[in-house]
Amino acid sequence: MAIIRVALDVPVDCLFDYLAPDANLTDIGLRVRVPFGSRQMLGIIMSVCEATQVTHEKLKYAGQIYRDTLPLPPALLELFRFCNHYYHHPIGQVVMNSLPALLRQSRQATEQAIKQPVQSLEWVLTDAGKAITVSDIPAKSVAKRRLLTFLQENEKVTAEDLKQMTAHTRKLLQTFEILGWVKKQVAIISEAHPTKASAPTPTPEQAHAISAILAETSMFVPWLLQGITGSGKTEVYLQIAASLLAQQKQILILVPEINLTPQLETVFKKRFPATPLISLHSGLTDRERLQGWLQAQRGKTGIILGTRLAIFTPLLNLGLIIVDEEQDHSFKQQDGLRYSARDLAIYRAKQADIPIILGSATPSLESYHHALTGRYRLLRLHSRAVSGASLPEIHCIDLRLTKMTREGLSEPLLTALQHALSHKQQSLVFINRRGYAPVLLCKSCSWTATCTRCSSRLVIHLQDRQLRCHYCGHQQPISPACPQCGDQDILPFGQGTQRVESALYHHFPEARILRVDRDSIRRRHTWRSVLEAVHNREVDILVGTQLLAKGHDFPNLALVCVLNADASLYSTDFRAEEQLFAQLIQVAGRAGRADTPGTVLIQTEFPQHPLYRALLKQDYDAHARLLLQERKSAGFPPFICQAVLRAEAATIADALEFLNQATEAAATSEQIAHIQLFDPVPAHMVRLKGRERAQLLVQSHSRKYLQTFLSNWYKYLTSLPARGKVRWHLDVDPLTL
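Attention in this report is confined to the structure presented alongside it. (Residues numbered from 1 in each chain as written. Predicted model: local features only at pLDDT ≥ 70, side-chain atom pairs only at ≥ 80, totals over all residues. Heavy atoms only, no water.)

Turning our eyes to something else, we now look at the nonpolar core. Residues Phe80, Leu252, Leu254, Phe312, Ile321, Leu645 and Trp713 are the most contacted members of the largest nonpolar core, which totals 73 residues. Among the elements that take part in this core, helix H1 (residues 74–87) stands out by supplying 7 residues, more than any other. In this structure Phe312 touches Leu76, Leu79, Phe80, Cys83, Ser98, Trp293, Leu337, Tyr339, Leu344 and Arg348, once residues within four positions along its chain are discounted. In this structure, Leu547, Ala588, Ala591 and Ala624 belong to the second largest nonpolar core, which totals 40 residues. (Core = buried A, V, L, I, M, F, W, Y, C linked by side-chain atoms within 4.5 Å. Buried < 20%, exposed > 50% of the residue type's maximum accessible area, 1.4 Å probe, protein only. Helix = DSSP H or I, 4+ residues; strand = E, 2+ residues; numbered from the N terminus. Contact = heavy atoms within 4.5 Å.)

What follows is the structure in structure tokens.
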């Protein structure tokens, strides 16, 4: 009788054996319902065999095998096994958490269950609506006038138009329907494709990169495409994709954040209107993600665009992987399975024997080092692709010699903003800190508002009259007086996006100012509205965080102002300077991308710092080589391989006790001569979400020795008696220590 080995979403690193009389080898990769203790669970069949080490009396019978979907392909199952072995995370959790939520439920995922009706709604002007003029609507009802004008020009609002509209506009459409100005009807779906956008003639540098990659598309080659901001890396992606799509290959494109998908999606749809494209990210509904996932699995879509989780998408005929902004830390998952989507993309490309393109203006030091040593092929784009466009001029404003407002704005910066406004040019004020101010302080007794669950200060969100923790989500009302001494003179210190926005409204009351941070774009489709407003020149000054720093093309943006950059200069994180340089290069690159010359102003108290000197020259290579020398002498990645064992408990003593026990076991390992084991210490943020945290760093010059050590150590750690008061995990190739 056949025995199936099943991966289940449980924190135990093993497969579970079940009797399955009707199972065969073709069922590997399918979902199955099995009994587990007193409950029924859904799992994935990883193998089918005839023998087991479990005694026959203990074997249970599997339930239903779901054959309504295609099985997961062998290459994807192998990728899961690699994650299990390399990141030392339970195999069942690796497998199950990579699937769409609806596939993790015990139900059929049939075509009828997942397929949306083949119809589309639209709202058409009625005769009554045609009789209404804009002047019939009060002048203060700007949104109503705009919607009516749109309807009169287009005669209808389609479902696609509706996706681009704000929630307020969609409500107004319902109001128009109640008034009898529009009527809802089912649209006839046209199979006609939009006009294909023509490909521009590539620059000589682009042409060289394209020809080099196309010459080796039938084998695994990791390409590092290092191009300055605005150099046309996307055009290189497009022209290589065109060749592979013509061969019926699938293209997987990974981006670090959801807000980078709309613009890239639009570009690819315009260039390849007849090629089905799907987006996969956490902003989709469960049904939308399942639909896209199944289309990709069945080979019904040629382009798959997504964030890090998209690396686990089953693909029928993968021909190319693109990782855009490869240096971004968002590609590393920070909880559960702590994987790097960029690194898994390289592994998956090697699996499929296909090329992978890692694109960035400021590559990670690891990737740059691999390119210098020949492990990756390096391609460079030194000039901007748009004729007449040039890199912006970067200047530092020395805050030691300049007066500043209470909100942290210098006089030269305010003068530059006024100049841009008078010339009808757009500006961006960049500060990577949301909220109004990061500190609420009592001057009398030095009390500060801190989170009760984390080792962090509460951030002031003045518009909501709240103090919020940006780590655990705790929030509370702003106290009218100091809870420690009773003094009512408690003041905000520091700047956040809300405070800067308020200050700019005060200095430029006529300006159209738009704040962009995670607080302002929480609603779905808000990001599309923001991009549309900027491109339509409905915004004069953007105030934003790193959401605006990379990947966006704002042709009329002439001025970028950077606040609070010094905060990262002397961080305890050895990667902080690398991140800051990349971030400043990226945000500076938003300016001067068309025929409008760009200027970047950076407020700093350390204008002579090597980072700023390299930044003024926009010389990534010189700064990267300097950082690599420092990393090599200090013994940091990429010259050493690291892993961190992290533990958390109700008290720091319990967490440290567990790590000390782990240290004693590690000292007996056969590989200890090749391993450097540090002492257990409290984490940089000791308290997080009500738990006390500690960590233990392990490193080695050999990845092979480190992985062998971790495999044996992991087995020991999982064999320890269950202690509910301590939770632990291994973080391989950690980004933060």
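Turning to the sheet that holds strand S14 (residues 318–324), a few remarks are in order. Spatial strand order, S12-S13-S11-S14-S15-S10-S16: 7 strands in an open sheet with parallel pairing. A single partner strand is all that each edge strand has here, and the edge strands are strand S12 (277–280) and strand S16 (377–381). When the angles between neighbouring strand axes are averaged without regard to direction, this sheet yields 20 degrees. With respect to the sheet, helix H11 (residues 286–297) is in contact with strand S11 (250–254), S12 and strand S13 (303–306), its orientation differing from that of S12 by roughly 130 degrees. (Pairing = 2+ DSSP bridges. Axes fitted to C-alpha atoms, helices over the stretch in contact; angles between N-to-C directions.)

On to the side chain of Gln93. When you line up the elements, Gln93 lands in helix H2 (residues 91–96). A polar side-chain atom of Gln93 sits 3.1 Å from a polar atom in the side chain of His89. Contacts of Gln93, omitting those with residues within four sequence positions, involve Leu8, Asp9, Val10 and Pro11. (Polar contact = N/O pair within 3.5 Å; in protein donor to acceptor, adjacent residues only side chain to side chain.)

Let's shift gears to unusual backbone geometry. Put simply, Pro637 and Pro638 share a cis peptide bond, and its omega is 15 degrees. Looking at the element boundaries, Pro638 is found in the loop between helix H19 (620–634) and strand S28 (641–649). Look at Lys689: it is not a glycine, yet its phi comes out positive at around 55 degrees. Mapped onto the secondary structure, Lys689 falls in the loop between strand S30 (681–688) and strand S31 (691–700). Among the residues examined, Lys689 registers a relative accessible area of 46% and is labelled partly exposed.

With that settled, consider the sheet that holds strand S26 (residues 557–562). Spatial ordering of the open sheet is given by S17-S27-S26-S18-S25-S24, a layout of 6 strands whose pairing is parallel. The open sheet has two edge strands with one neighbour each: strand S17 (393–398) and strand S24 (513–516). In this sheet, neighbouring strand axes are inclined to one another by 20 degrees on average, regardless of whether the strands run parallel or antiparallel. Relative to strand S27 (residues 599–604), S26 is paired through 4 bridges, and the arrangement is parallel. Each residue of the ladder has a partner; that of Cys561, found in S27, is Leu601.

With respect to the helices and strands, Val681 occurs in strand S30. Between the C-alpha atoms of Val681 and Arg646, which are 35 residues apart in sequence, the distance is 9.8 Å. Not counting residues up to four positions away in its chain, the partners in contact with Val681 are Leu656, Ala694 and Gln695.

On to the packing of helix H20 (residues 652–666) against helix H21 (residues 703–719), then. Where H20 contacts H21, the two axes come as close as 10 Å, and the packing angle between them is 130 degrees. Considered as vectors, H20 and H21 are oriented oblique to each other. In the crossing of H20 with H21, the sense of the turn from one axis to the other is right-handed. Contact residues: Phe658, Gln661, Ala662, Ala665 and Ala666 in H20; Phe709, Trp713, Tyr716 and Leu717 in H21. Its residues placed into classes, the contact of H20 with H21 shows 8 nonpolar, 1 polar and no charged. (Parallel < 35°, antiparallel > 145°, perpendicular 65-115°, else oblique. Left-handed = near helix turned anticlockwise from the far one by under 90°. Nonpolar A, V, L, I, M, F, W, Y, C, P; charged D, E, K, R; others polar.)

With that out of the way, let us pick up the pattern of salt bridges. Within this structure, the stated rule accounts for 28 salt bridges. With a closest N to O distance of 2.7 Å, Arg631 and Glu578 form a salt bridge. Within this pair, whereas Arg631 is found in helix H19, its partner Glu578 is found in helix H17 (residues 576–588), the two being separated by 53 residues in sequence. Arg631 sits in the buried class, given a relative accessible area of 5%. Put simply, Arg434, Asp464, Arg468 and Asp519 are held in one network by salt bridges that share partners. (Salt bridge = Lys/Arg side-chain N within 4 Å of Asp/Glu carboxyl O.)

So, on to the packing of aromatic side chains. What the rule picks out here adds up to 15 aromatic pairs. When the ring of Phe268 is compared with that of Phe272, the centres are 6.1 Å apart and the planes differ by 40 degrees; the resulting orientation is tilted. Judged on exposure class, the residue Phe268 and its partner Phe272 are both buried. Taken together through their ring pairs, the aromatic side chains of Phe82, Tyr86, Tyr87 and Tyr347 make up a single cluster. Across the ring face of Tyr66, the terminal group of Arg31 is positioned such that the distance to the ring centre comes to 4.7 Å. (Phe/Tyr/Trp six-rings, centres within 6.5 Å; stacked < 30°, edge-to-face > 60°. Lys NZ or Arg CZ within 6 Å of the ring centre and 35° of its normal.)

Everything listed here is a matter of geometry and, on its own, says nothing about what the molecule does.
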